[in-house]
Amino acid sequence: QIQTRGYSMPTLHHKDHTAVGCQASVATKYMETDDIVDLDWENLGFGLVDTDFMYMAKCGPDGNFSNGEILPFGPIALSPSAGVLNYGQGLFEGLKAYRKTDGYILLFRPEENAVRMKNGSDRMCMPAPSVEQFVDAVKQTVLANKRWVPPTGKGSLYIRPLLIGSGAILGLAPAPEYTFLIYVSPVGNYFKEGLAPINLIIEDNFHRAAPGGTGGVKTIGNYASVLKAQRTAKEKGYSDVLYLDAVHNKYLEEVSSCNIFVVKGNAISTPAIEGTILPGITRKSIIEVAESKGYKVNVGHQELIGSTI
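Residues numbered from 1 in each chain as written. Predicted model: local features only at pLDDT ≥ 70, side-chain atom pairs only at ≥ 80, totals over all residues. Heavy atoms only, no water.

So, the UniProt feature "modified residue: N6-(pyridoxal phosphate)lysine" (unreviewed entry) in the chain
Worth spelling out the cut-off: UniProt positions are given in the numbering used here, feature names are shortened, and annotations may be inferred rather than shown by experiment. We call two residues in contact when some of their heavy atoms are within 4.5 Å.
UniProt records the feature "modified residue: N6-(pyridoxal phosphate)lysine" (unreviewed entry) at Lys218, using the numbering of this structure. Residues within four places of Lys218 in sequence aside, it is in contact with Leu91, Phe92, Glu93, Gly94, Arg116, Tyr223 and Leu278.

Brief notes about helix H5 (residues 227-235)
Note the cut-off: The cut-offs for exposure are 20% and 50% of the maximum accessible area for each residue type, with area from a 1.4 Å probe on protein chains only; residues under the lower value are buried, those over the upper are exposed, and the others partly exposed. The helix and strand labels rest on DSSP assignments: H or I over at least four residues marks a helix, E over at least two residues marks a strand, and numbering proceeds from the N terminus. Working note: the arc is built from the helix axis to C-beta atom directions.
Taken together, the buried positions of H5 are occupied by Ala229, Gln230 and Ala233. Projection of H5 onto a plane perpendicular to its axis shows the buried side chains occupying an angular sector of 100°, all on one side. H5 presents Arg231 and Glu235 as exposed residues on the side facing more than 90 degrees away from its buried surface. If you follow the buried residues of H5, they end up packed against strand S8 (200-203) and strand S9 (240-244). One or two positions beyond H5, positive phi appears at Gly237, with a value near 95°.

Regarding the sheet that holds S8
Threshold: Strands are treated as partners if at least two bridges between them are detected by DSSP. Note on geometry: axes are C-alpha line fits, over the in-contact stretch for helices, and angles between N-to-C directions span 0 to 180 degrees.
Taken together, four strands build an open sheet; the order of strands is S8-S9-S10-S14 and the sheet is mixed. Each edge of the open sheet carries a strand with a single partner, namely S8 and strand S14 (302-303). Where H5 meets the sheet, its contacts fall on S8 and S9, and the angle it forms with S9 comes to roughly 125°.

As for the sheet that holds strand S12 (residues 267-270)
Spatially, three strands are ordered S11-S12-S13 in an open sheet, and the strand pairing comes out mixed. Looking at which strands have only one partner, the edges of the open sheet turn out to be strand S11 (262-264) and strand S13 (296-299). Within the sheet, the average angular offset between the axes of one strand and its neighbour, ignoring direction, is 20°. The pairing of S12 with S13 spans four bridges and is classified as parallel. Within S13, the residue paired with Ile268 across the bridge is Val297. Sheet strands in contact with helix H6 (residues 281-292) are S12 and S13, and its direction is about 145° off that of S13.

Some words on H6
The condition that has to hold: Expected helix span is taken as 1.5 Å per residue step, with the number of steps being one fewer than the number of residues.
Here H6 spans 17 Å end to end across twelve residues, near enough to the 16 Å set by a 1.5 Å rise per residue. Within the sequence span of H6, burial applies to Ile281, Arg283, Ser285, Ile287 and Ala290. Among the structural elements, helix H2 (110-123), S12 and S13 are those in contact with the buried residues of H6. Immediately beyond the C-terminal end of H6, within one or two residues, lies Gly294, with a positive phi of roughly 95°.

Description of a nonpolar patch on the surface
What counts here: Nonpolar side chains (Val, Leu, Ile, Met, Phe, Trp, Tyr) are joined into patches within 5 Å and like charges within 9 Å, using only residues with over 30% relative accessible area and no salt bridge. Residue-level accessible areas treat just the shown protein chains as cover; the underlying method is Shrake-Rupley with a 1.4 Å probe. Put simply, a salt bridge is a Lys or Arg side-chain nitrogen that is within 4 Å of an Asp or Glu carboxyl oxygen.
A cluster of nonpolar side chains, contributed by Ile76, Leu78 and Leu85, occupies part of the molecular surface with about 240 Å² of accessible area. Within the fold, Leu78 resides in the loop between strand S2 (69-72) and helix H1 (83-87).

Let's talk about the pattern of salt bridges
Counted by the stated rule, this structure contains eight salt bridges. Here Arg208 ties to Glu254 by a salt bridge, and the two come within 2.7 Å at their closest N and O atoms. Here Glu254 lies in strand S10 (residues 251-255) and Arg208 lies in the loop between S8 and helix H4 (221-224), a separation of 46 residues in the sequence. Residues Arg208 and Glu254 agree in their burial class; the two are buried.

Dropping the structure here:
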């Protein structure tokens with residue numbers, strides 16, 4: 001929970017998966033903004049709205065991240081030879097903040113996003129902020145932009161943490177400097193259908209990921225490659241693409257931007273996390289909630305057959 005005027009940082013316990021050592025200091029100062037924003041909350045789609053502030057921290061060759069600071073939202077300077085621009089050395093996360101009727105602002109499992117970024121940073125040869133700094137930075141950014149958190153039931157504040165190789169490099173190698181950045185935007189539902197069912201088309205020509213690749217990491221390079229198949233699907237009237245595995249071309253994997261579940265009576269099935277599927281935090285939560293409600297959850301290969309998804 002984040003109160004509108006401050007918060008207490010809980011003690012967090014996690015396994016450090018990052019190969020590059022880094023230390024971080026938690027900032028203690030927060031910028032405040034007015035609690036009023038003129039926005040059409042009733043027709044809020046999933047698009048970028050320029051908010052007030054963003055968070056930025058730097059990490060040099062020593063592997064230590066700076067304290068980080070809240071800055072006005074806007075463009076950032078990058079060398080044309082930055083690692084992220086030339087070799088795609090970058091990760092991102094996505095989570096949301098919600099406003100309650102009593103004035104509290106809630107975050108959904110931000111520690112999970114922090115740990116996932118640390119796991120991904122190891123695969124991409126990058127240092128990553130600690131879980132404590134990640135969560136603290138998210139809270140700072142939300143509080144600085146709290147007037148942009150939609151009213152209860154009108155949407156959420158989407159939070160986008162980025163970790164990029166911002167240092168200049170010419171040869172293929174890890175960048176010498178990294179930037180951890182967070183910006184936010186108020187959003188409505190991702191799909192225009194909202195909570196109603198969406199139509200997906202099975203893609204058997206293009207594949208999102210292959211064994212041994214980076215399909216299980218939320219790296220920026222995983223997403224531009226799906227745009228062609230997604231555009232074709234939308235031109236045909238579908239909401240998105242459901243991809244098959246790259247080896248047998250018959251097992252369900254995931255959608256361009258989310259995991260999938262197959263429901264048959266009291267049984268719920270979902271593909272296993274084996275390196276080609278993103279370990280979704282919502283996915284993990286659904287499994288936990290479903291099992292607590294008495295559903296049988298099967299995790300493994302899901303062959304393309306008639307099912308409810």
